[in-house]
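Breakdown of the fold
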Amino acid sequence: MALQNTLKYTSEHEWLSVQGDIATVGITAYAAEKLGDVVFVELPAVGASVASGKVVGEIESTKSVGELFAPVDGTVTEVNDAVVAHPELVNSDPFGEGWLIKVSFTELPTLLSFDEYTALVGE
Amino acid sequence: MTDSTDSTVRFSPLHQQHVDAGASFTDFAGWQMPVRYSSDLAEHHAVRTAAGLFDLSHMGEIVVIGPESADALDYAFAGRISVVATGQAKYSLLLGRDGGIIDDLVVYRTGEDRFIVVANASNREAVAAELLERTAPFDCEVFDESDDIALIAIQGPKSFEILSQVPGIVVAGLADLTYYRSIPGQFEGHEILVARTGYTGEDGFELYVAPEAAPALWRAIAETGAGSGLVPAGLASRDTLRLEAGMPLYGHELSLTTFPVQAGLGRVVNLKKEGDFVGRAAVETGPVEGARVLVGLRSDGKRAGRADYLVFGADGTEVGVVTSGALSPTLGYPIAMAYVDPAVRELGTDLFLDVRGSRVPASVTALPFYKREAN
């Protein structure tokens, strides 16, 4: 379980845990709560190149569909098959077992700090 | 017709109960209503297997009272209301003069000369205004009592078991109350109306109660039912429950431009009744040749069609549009309701949904998707 105040965030409600040139990406508890119970997750293929701000996956709940945006330019190195098989992990452990993809990158865009993200969602 | 002068946010008399229970809220027709408390899937399953407690206080209650109220409602509604016995309820439609649907509603006869019309929250003002106008020639009066009536529903197979044990509720004959019947009762000195009706496809009750008594009634049912698996349930689960049960939702399956027959509600329109009723001439003529009809669709996999997604035929031509859809929590596969061309309405017809750019196969299937086992 990543410490939430050490993570980076996007205004699209993704979190990033950066280690070296690899960013692990998931959606925040706030986003998961807003979606409701997640019942389907579609993720990009390993090896896919992704562009910051572009849609790379989908997260569906019973009530709505959320899009997963790539938070960085890079290449997908790993996807969380467990969350595809068990989409409820997005709700039960969004910052841990519910991670979605890992992306290798060369440059990080400007991201939000924990305090900035917390201010954004007003919690 | 919506009342644009009233833009204030409305809160249910049960709002504090929902806040205390940790609910998330959503705007529904200007009301802040609970969308879920913890998990909408858990709430859905609780209603199918035990019971769920819903706050429906946003719904409109319009009382029609007077010696000619039955005749007035025969004229106002598509169904024959005068044959509804005291203590009985009837699902009906309020049609426009052009045959479109202004609202779908339940009419309760609570006395020889007294009816309660329960309207969707979004249509409350329109229904009240139409009833006022349509009943004007008759000896009766119309009162919009929505602000003075809270509505609590308990739905699910354990509803009777739980409700019959709630302390403070006094209802003579609850055990004999059959589906679509209502009976007056009391809760801690307040008059209540208990109806065996609902919108989930399960057995259940709806309780009409004064706003000031609603919080205590809510708590009493919640506490009594907790040991039996009852949970508070929000609008998210209510929507997936009614979808599985094939029940239309106004604004999705029903609208001012939908004829009842298109929505599979031809049986609700009584063309045999004597005398005129609003919309009669239009529905007798019917919608235009080839008008789309409501069907059920099911798919494999997990990706559900959603409202406004297009439906295509096997040859790639557009044949319809989805009005509601979800991955069915009970059935485990995606279900949807859609309006399609009559040529592709037959059960088993293979169609495609455009799910955000991908073609997802779907076949026409009978409504409802889910039917509870007879008890």
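The rules behind the values
Residues numbered from 1 in each chain as written. Chains lettered and ligands numbered in written order. Predicted model: local features only at pLDDT ≥ 70, side-chain atom pairs only at ≥ 80, totals over all residues. Helix = DSSP H or I, 4+ residues; strand = E, 2+ residues; numbered from the N terminus. Rg over C-alpha atoms; globule rule 2.2 N^0.38 Å. Buried ≥ 20, exposed ≤ 12 C-beta atoms within 10 Å, placed from the backbone. Contact = placed C-beta atoms within 7 Å. Nonpolar A, V, L, I, M, F, W, Y, C, P; charged D, E, K, R; others polar. Core = buried A, V, L, I, M, F, W, Y, C linked by C-beta atoms within 7 Å. Domains from an automatic or database assignment.

1. Structural notes on the overall build of chain B
Helix and strand counts for chain B come out as eight helices and 21 strands. For 375 residues, the compact-globule estimate of 2.2 N^0.38 gives 21 Å, and the C-alpha radius of gyration of chain B, at 21 Å, lies within 12% of that figure. Burial status across chain B gives 47% buried among its 375 residues. Partitioning the contacts of chain B with sequence separation of at least 6, the portion at a separation of at least 24 is 67%.

2. Observations concerning the interface of chain B and chain A
The interface is formed by 15 residues belonging to chain B together with nine residues belonging to chain A. Listing elements by their share of the side of chain B that touches chain A, those giving two or more residues are helix H2 (40-49), helix H7 (235-244) and strand E18 (318-327) of chain B. Take the side of chain B that touches chain A: its biggest share by element is three residues, from H7(B). The residue inventory of the side of chain B that touches chain A, partitioned by class, reads six nonpolar, three polar and six charged.

3. Considering the nonpolar core
Across soluble globular proteins, you tend to see nonpolar side chains buried next to one another. Residues and elements named next belong to chain B. Val 64, Val 107, Val 117, Val 127 and Ile 152 are the most contacted members of the largest nonpolar core, which totals 129 residues. Once you skip the residues sitting within four places of it in the chain, Ile 152 turns out to touch Leu 53, Asp 55, Leu 207, Val 209, Ala 214, Leu 217, Trp 218 and Ile 221. Among the nonpolar cores identified, the runner-up in size contains five residues, and Trp 31, Met 33, Val 35 and Leu 235 belong to it.

4. Side note on the environment of Glu212(B)
By the element assignment, Glu212(B) lies in the loop between strand E14 (204-209) and helix H6 (214-225). Taking the C-alpha atoms as reference points, Glu212(B) and Ile101(B), 111 residues apart in sequence, are found 34 Å from one another.

5. Details of the domain arrangement of chain B
Residue and element names in this part refer to chain B. Annotation of chain B at the domain level lists domain 1 (10-57 + 149-244), domain 2 (60-147) and domain 3 (288-365). One C-alpha centre belongs to domain 1, the other to domain 3; they are set 32 Å apart. For the side of domain 1 that touches domain 3, the secondary-structure elements that each account for two or more residues are H2 and H7. Per-element tally for the side of domain 1 that touches domain 3: the top contributor is H2, with four residues. When its residues are assigned to classes, the side of domain 1 that touches domain 3 shows two nonpolar, three polar and two charged.

6. Focus on helix H3 (residues 69-76) of chain B
All names here are of chain B. Counted residue by residue, H3 has six buried out of eight residues, so it is predominantly covered. Turning to H3, its buried residues are Ser 69, Ala 70, Ala 72, Leu 73, Asp 74 and Ala 76. Those residues of H3 hidden inside the fold are in contact with strand E5 (60-65), strand E6 (89-95), strand E7 (101-111), strand E8 (114-119) and helix H4 (124-134).

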